[in-house]
Amino acid sequence: MVTLSAIKEARRVIAGSAIRTPLVRLSVDDAPAEIYLKLENLQPIGSFKIRGAANAITRLSTRELERGVVTASAGNMAQGVAWCARSLGIPCTVIAPDTAPDAKVHAIERRGGRVIKVPFADWWRAFEERSFPGVEGIFIHAFDDPHVMAGNGTIALEILEDLKDPDAIVIPWGGGGLTCGIATAMRELQPRCRIYAAEVETAAPLAASLAAGTPTEVDYRPSWVDGIGAKAVFPQMFARARNLIDGSLVADLDSVAEALRLLMTRNHVVAEGAGACSVACALSSKAGPGKIVCIVSGGNIDASKLARILNSEL
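Since we're looking at a predicted model, the values are computed, not measured.

### With respect to the overall build of the protein
Assigned secondary structure in the protein consists of 13 helices and 10 strands. In terms of C-alpha radius of gyration, the protein reaches 18 Å, essentially the compact-globule figure of 20 Å for 314 residues. Judged by the C-alpha coordinates and their principal axes, the protein covers about 55 × 45 × 40 Å. Here the protein, with 314 residues, has 59% of them falling under the buried criterion. At a minimum sequence separation of 6, the contacts of the protein that also span at least 24 residues come to 72%.

### As for the packing of helix H4 (residues 76-88) against helix H5 (residues 102-110)
In a pair of packed helices, the angle between the axes and the distance between the axes together describe the arrangement. In the contact formed by H4 and H5, the axes pass within 8 Å of each other and the chain directions differ by 10°. Here H4 lies roughly parallel to H5, going by the angle between them. Seen from H4, the contacting residues are Asn76, Ala78, Gln79, Ala82 and Arg86; seen from H5, they are Lys104, Ala107, Ile108 and Arg110. Its residues assigned to classes, the contact of H4 with H5 comprises 4 nonpolar, 2 polar and 3 charged.

### A look at the sheet that holds strand S6 (residues 138-139)
Strand order in the open sheet formed by 4 strands is S5-S4-S3-S6, with parallel pairing between adjacent strands. The sheet is open, and its two edges are formed by strand S5 (114-118) and S6, each paired on a single side. As paired strands, strand S4 (residues 92-97) and S5 are joined by 5 bridges and run parallel to one another. Within S5, the position partnered with Pro97 by the bridge is Val118.

### Observations concerning the pattern of salt bridges
All chains considered together, the criterion is met by 18 salt bridges. The shortest N-O distance in the salt bridge between Arg130 and Asp144 comes to 2.6 Å. Within this pair, whereas Arg130 is found in the loop between helix H6 (120-129) and S6, its partner Asp144 is found in the loop between S6 and helix H7 (146-162), the two being separated by 14 residues in sequence. Arg130 sits in the partly exposed class, given a relative accessible area of 34%. Taken together, the salt bridges that share partners define one network made up of Arg11, Arg20, Glu161 and Asp162.

### Observations regarding the pairing of strand S9 (residues 247-251)
For S9, a buried count of 4 out of 5 residues is recorded, marking the element as mostly surrounded by other parts of the structure. The pairing of strand S8 (residues 194-200) with S9 spans 5 bridges and is parallel. Its bridge partner lying in S9, Ala197 is registered against Ser248.

### Regarding the nonpolar core
Core analysis: the largest hydrophobic core is formed by 83 residues, its most contacted members being Ile95, Ile140, Ile169, Ile182 and Ile295. Counting residues per element, this core draws most heavily on H7, which supplies 8 residues. If you look at the next biggest cluster of nonpolar residues, it comprises 39 residues, including Ala257, Cys294, Val296 and Ile309.

### A short note on unusual backbone geometry
Within the chain, His268 stands out as a residue other than glycine whose phi angle is a positive 55°. Relative to the helices and strands, His268 resides in the loop between helix H11 (253-267) and helix H12 (273-283). A relative accessible area of 67% means that His268 is categorised as exposed. Even without being glycine, Ser285 reaches a positive phi, approximately 75°. Summarising the element assignment, Ser285 is placed in the loop between H12 and strand S10 (291-296). On the accessibility criterion, Ser285 (41% relative accessible area) is partly exposed.

### Quick look at the packing of aromatic side chains
All chains considered together, the criterion is met by 8 aromatic pairs. Aromatic side chains Phe127 and Phe143 sit 5.4 Å apart centroid to centroid with 35° between the ring planes, which places their arrangement in the tilted category. With Phe127 in helix H6 and Phe143 in the loop between S6 and H7, this pair connects stretches of sequence that are 16 residues apart. Across the pair, exposure class does not vary: Phe127 and Phe143 are buried alike. Aromatic rings pair up to connect Phe120, Trp123, Trp124, Phe127, Phe143, Tyr220 and Phe234 into one cluster.

### Some points on the state of the cysteines
With the rule as written, the count across this model stands at 0 disulfides. Residue Cys92 stays outside any disulfide, its sulfur separated by 9.3 Å from that of Cys84, the closest cysteine. On the basis of relative accessible area, Cys92 is assigned to the buried category, the value being 4%.

### Some remarks on the sheet that holds strand S7 (residues 168-172)
Across the sheet, which stays open at both edges, the 6 strands sit in the order S1-S2-S10-S7-S8-S9 with mixed pairing between neighbours. Lying at the two open borders of the sheet, with one neighbouring strand each, are strand S1 (23-25) and S9. On average, each strand axis in the sheet is inclined to that of its neighbour by 30°, with strand direction left out of account. Relative to S7, helix H8 (residues 177-189) is tilted by about 160°, and along the sheet it contacts S7, S8 and S10. Each of strand S2 (34-39), S7, S8, S9 and S10 is contacted by H12, which is oriented at about 160° to S10, the strand it contacts most.

The rules we used
Residues numbered from 1 in each chain as written. Predicted model: local features only at pLDDT ≥ 70, side-chain atom pairs only at ≥ 80, totals over all residues. Heavy atoms only, no water. Helix = DSSP H or I, 4+ residues; strand = E, 2+ residues; numbered from the N terminus. Rg over C-alpha atoms; globule rule 2.2 N^0.38 Å. Buried < 20%, exposed > 50% of the residue type's maximum accessible area, 1.4 Å probe, protein only. Contact = heavy atoms within 4.5 Å. Axes fitted to C-alpha atoms, helices over the stretch in contact; angles between N-to-C directions. Parallel < 35°, antiparallel > 145°, perpendicular 65-115°, else oblique. Nonpolar A, V, L, I, M, F, W, Y, C, P; charged D, E, K, R; others polar. Pairing = 2+ DSSP bridges. Salt bridge = Lys/Arg side-chain N within 4 Å of Asp/Glu carboxyl O. Core = buried A, V, L, I, M, F, W, Y, C linked by side-chain atoms within 4.5 Å. Phe/Tyr/Trp six-rings, centres within 6.5 Å; stacked < 30°, edge-to-face > 60°. Disulfide = S-S within 2.5 Å.

Below, the structure written as structure tokens:
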């Protein structure tokens, strides 16, 4: 289990890797709530993933580090693991789905990671088995790891230092490591704050699972929102989430695109689809009134894709 003390310790451990990101007000006068943006897109790798990756890798022994590290990721966790591996001078291998965007793959390789693209089913199996055939190294799980979740939970500590009484936090749900990490800290420090996951309609297994009361597989459709979404929820992540959060909010692709355009034009913030999804949910009133914090989880979006969205072509 992840604990508040582990999250506080993680903050000390990752101080040299992750930055303390700002919390700013969304510049939309007619928004249905007082919306704030936690700008994790400003991290050195453009994503919150540096927090969990740094906390997990720091815990490895010298002998384990000599083997190198392996992760399965569509892009952002891979960049976090590769960034940490390069700073330690150890090899990093990334198992990526064949749908991973080129911008993220190139960023992984630029940071020294070796990328192996595989079919989606094989990629998902790597998460389940925590390994990949023929690849040596210590597997760093992108979400189902207490050290990763503790690193992610440090975001909650920063939010409460900047905004003492948030009414709700909306968090993009990929595998659940970000949501469960933040929610663990908030339940201890601000238990009345509502916690919502944010999913996109083309891949929303958590919402379906919560409705069914059990992990449920959905019809996964890849889209330009590539940083979140899957066909299913890990059973152990579902068990954590159902005890920590108030629900999952689902946004359609058009509303995510509009939120991304608003972030760019009103706040000059470059977000990827996953990072804009939380904002889309808050703007739809689904998170309710009051002070709503949206986690802008990352900003690693291909420039040509961003241009098309800004021109309303997606």
